[in-house]
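# Architecture and fold: a report
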Amino acid sequence: MKPFLSILILLPLFSNSQNLSIGAKQDRLIQSITSDTINGKYKEILFSYDLLKRVTSITERTSMTEDSSKKFTDQLITDTSTIQQFEYKAEQKEPFLRRTTSFYFDEKEKKWFWQAYELQYFIYENGKRVRDSMLHKSRAFSLLDKRHEWDFDTTFKTYITNIKQTDSAFYYMCDKTNYGYPMNLYTRSIVQHENSISQLSAHYFASFQIISNSFYKKFDEAINPFNQLNIATVLANEKLSFSFDLNKVRVNYEPTARVHTLELNWLFLNKTNALNYYNEGIDLYYNYKHNMEVSYIYNQLKLPVFCSINISLLDNDGEVYARKKRNFSFRYIQ
């Protein structure tokens with residue numbers, strides 16, 4: 001029975017992945033990444049392009065299998081959580097603008113509403129991105145409303161990001177002090193080694209401090225499909241991520257006061273694919289570490305079409321309290 005169930009769980013992956021003998025074109029563009037099915041749902045990241053093969057949008061969404069959707073008649077079969085849209089000037093390769101819209105699901109009304117909207121203008125000097133100009137507005141829980149309903153702020157807040165690049169690192173700092181008190185300032189830095197990220201760090205400073213780090217220890221010799229995209233250099237300090245509820249994968253472990261997520265990610269900057277990396281972080285509640293071991297199946301162009309990730313979740317003492325496995329398929333435009 002278990003082998004049969006495993007086949008059912010992986011069905012969306014195999015239906016979305018492609019045959020190993022796909023065509024011989026070397027400029028094949030990634031179309032989507034799809035996760036395996038969890039409780040009748042699977043997550044996707046989809047890419048769209050213009051005629052110049054530039055990325056025009058990246059959509060993150062959760063979809064339901066047909067059988068699962070019949071059980072949840074009040075939910076959409078496909079729920080979009082985030083949409084990034086890129087705009088260009090003439091035939092310029094790098095985007096000058098990114099529009100990002102994120103959504104949230106209202107349990108009371110059983111509807112999706114937009115949660116945040118951001119305009120990010122990329123500013124270049126001598127062919128390098130040196131800073132961003134950001135316009136941001138969002139919905140938030142009103143502290144004055146005892147019902148804790150979402151309050152709509154129609155005004156744009158503005159801030160500037162400063163960027164510094166060296167031969168070994170990429171530093172990204174965003175100052176949001178004009179958001180009000182307490183100060184909300186965060187910095188990000190990427191340490192590079194021969195155009196491959198070895199460490200990605202994020203430091204958040206507000207009413208409390210959160211530090212998170214991702215360390216990349218081992219890579220394959222194949223092709224990272226995201227490094228081939230025209231936005232790869234612009235998004236060198238970013239990554240594509242799938243997040244899962246950490247509390248749902250715990251084994252004999254007391255939940256912490258906060259709900260944490262397990263993040264599985266892929267980088268834009270690396271020319272090859274990470275085979276081993278781990279995420280660790282520190283906040284007011286606990287220290288955590290998640291170790292990822294990744295194995296790929298490739299097509300004849302040395303592009304990944306399927307991967308399995310073995311995940312070890314470690315507690316404060318470094319002891320493994322849970323092991324999980326997640327699978328993903330990669331689909332390319334024909």
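Heads up: these notes are all about the structure in this document. (Residues numbered from 1 in each chain as written. Predicted model: local features only at pLDDT ≥ 70, side-chain atom pairs only at ≥ 80, totals over all residues. Heavy atoms only, no water.)

## Things to note about the overall build of the protein
Test applied: Per the convention used, a helix needs a DSSP run of H or I reaching at least four residues, while a strand needs a run of E reaching at least two, with both numbered from the N terminus. Each residue is placed in one exposure class: buried if its accessible area under a 1.4 Å probe, protein chains only, is under 20% of its type's maximum, exposed if it is over 50%, and partly exposed if it falls in between. Between two residues, a contact is recorded if the distance between any of their heavy atoms is within 4.5 Å. All accessible areas in this document rest on Shrake-Rupley with a 1.4 Å probe, and a residue is counted as covered only by the protein chains that are shown.
Scanning the protein from N- to C-terminus turns up two helices and 19 strands. The 334 residues of the protein split such that 46% are buried. For the protein, the share of sequence-separated contacts (at least 6 apart) that also reach a separation of at least 24 residues comes to 48%. Carbon and sulfur atoms make up 52% of the accessible area of the protein, which amounts to about 18,300 Å² in all.

## Brief notes about the pairing of strand E2 (residues 41-49)
Just so we agree on the cut-off: DSSP bridges decide pairing: two strands pair if at least two such bridges lie between them.
Sheet topology places strand E1 (residues 30-35) next to E2; three bridges connect them, and they run antiparallel. By the bridge assignment for E2, threonine 34 is matched with glutamate 44. Here E1 hands over to E2 after five residues, with asparagine 39 in that stretch at a positive phi of 55°. Examined bridge by bridge, E2 and strand E3 (residues 55-64) share nine bridges and lie antiparallel to one another. Note that in E3 the partner of tyrosine 49 across the bridge is valine 55. Here E2 hands over to E3 after five residues, with lysine 53 in that stretch at a positive phi of 65°.

## Quick notes on the pattern of salt bridges
The condition that has to hold: By convention in these notes, a salt bridge is any Lys or Arg side-chain nitrogen within 4 Å of a carboxyl oxygen on Asp or Glu.
Tallied over the full model, the rule gives seven salt bridges. Linking arginine 98 and glutamate 238 is a salt bridge whose minimum nitrogen-to-oxygen distance equals 2.7 Å. Of this pair, arginine 98 sits in strand E5 (residues 97-106) while glutamate 238 sits in the loop between strand E13 (209-219) and strand E14 (239-245), and the two are 140 residues apart along the sequence. Exposure class is identical for arginine 98 and glutamate 238. Each is buried.

## What to know about the nonpolar core
Quick note on the threshold: Nonpolar cores were defined as sets of buried Ala, Val, Leu, Ile, Met, Phe, Trp, Tyr and Cys residues, with membership established by side-chain atoms within 4.5 Å.
Counting residues in hydrophobic clusters, the biggest one holds 56 residues, and the most contacted among them are Phe47, Phe226 and Leu229. For this core, the leading source of residues is strand E18 (residues 304-314), giving six residues. Once residues within four sequence positions are removed from consideration, phenylalanine 226 is found in contact with Ile30, Ile33, Phe47, Ala232, Leu240, Trp266, Leu267, Phe268 and Phe330.

## Things to note about the packing of aromatic side chains
Definition in use: Paired rings are identified among Phe, Tyr and Trp, the last through its six-membered ring, by centres lying within 6.5 Å, and are further divided according to the angle between planes into stacked (under 30 degrees), edge-to-face (over 60) and tilted (the rest). Charge-over-ring contacts are defined here by two conditions on Lys NZ or Arg CZ: a distance within 6 Å of the ring centre and an angle within 35 degrees of the ring normal.
This structure, assessed with the given rule, holds 10 aromatic pairs. Ring centres of phenylalanine 215 and tyrosine 278 lie 5.0 Å apart, and the angle between their planes is 25°; this geometry places the pair in the stacked category. Of this pair, phenylalanine 215 sits in strand E13 while tyrosine 278 sits in strand E16 (residues 274-282), and the two are 63 residues apart along the sequence. Relative accessible area serves as the criterion here: at 15%, phenylalanine 215 is assigned to the buried category. By relative accessible area, which is 16% here, tyrosine 278 ends up buried. Aromatic ring contacts, followed pair by pair, group Phe47, Phe226, Phe242, Trp266, Tyr296, Tyr298, Phe328 and Phe330 into a single cluster. Stacked on the ring of tyrosine 88, the Lys or Arg arginine 54 has its end atom at 4.4 Å from the ring centre. The residue whose ring lies beneath arginine 326 is phenylalanine 244, and the NZ or CZ to ring-centre distance is 5.3 Å.

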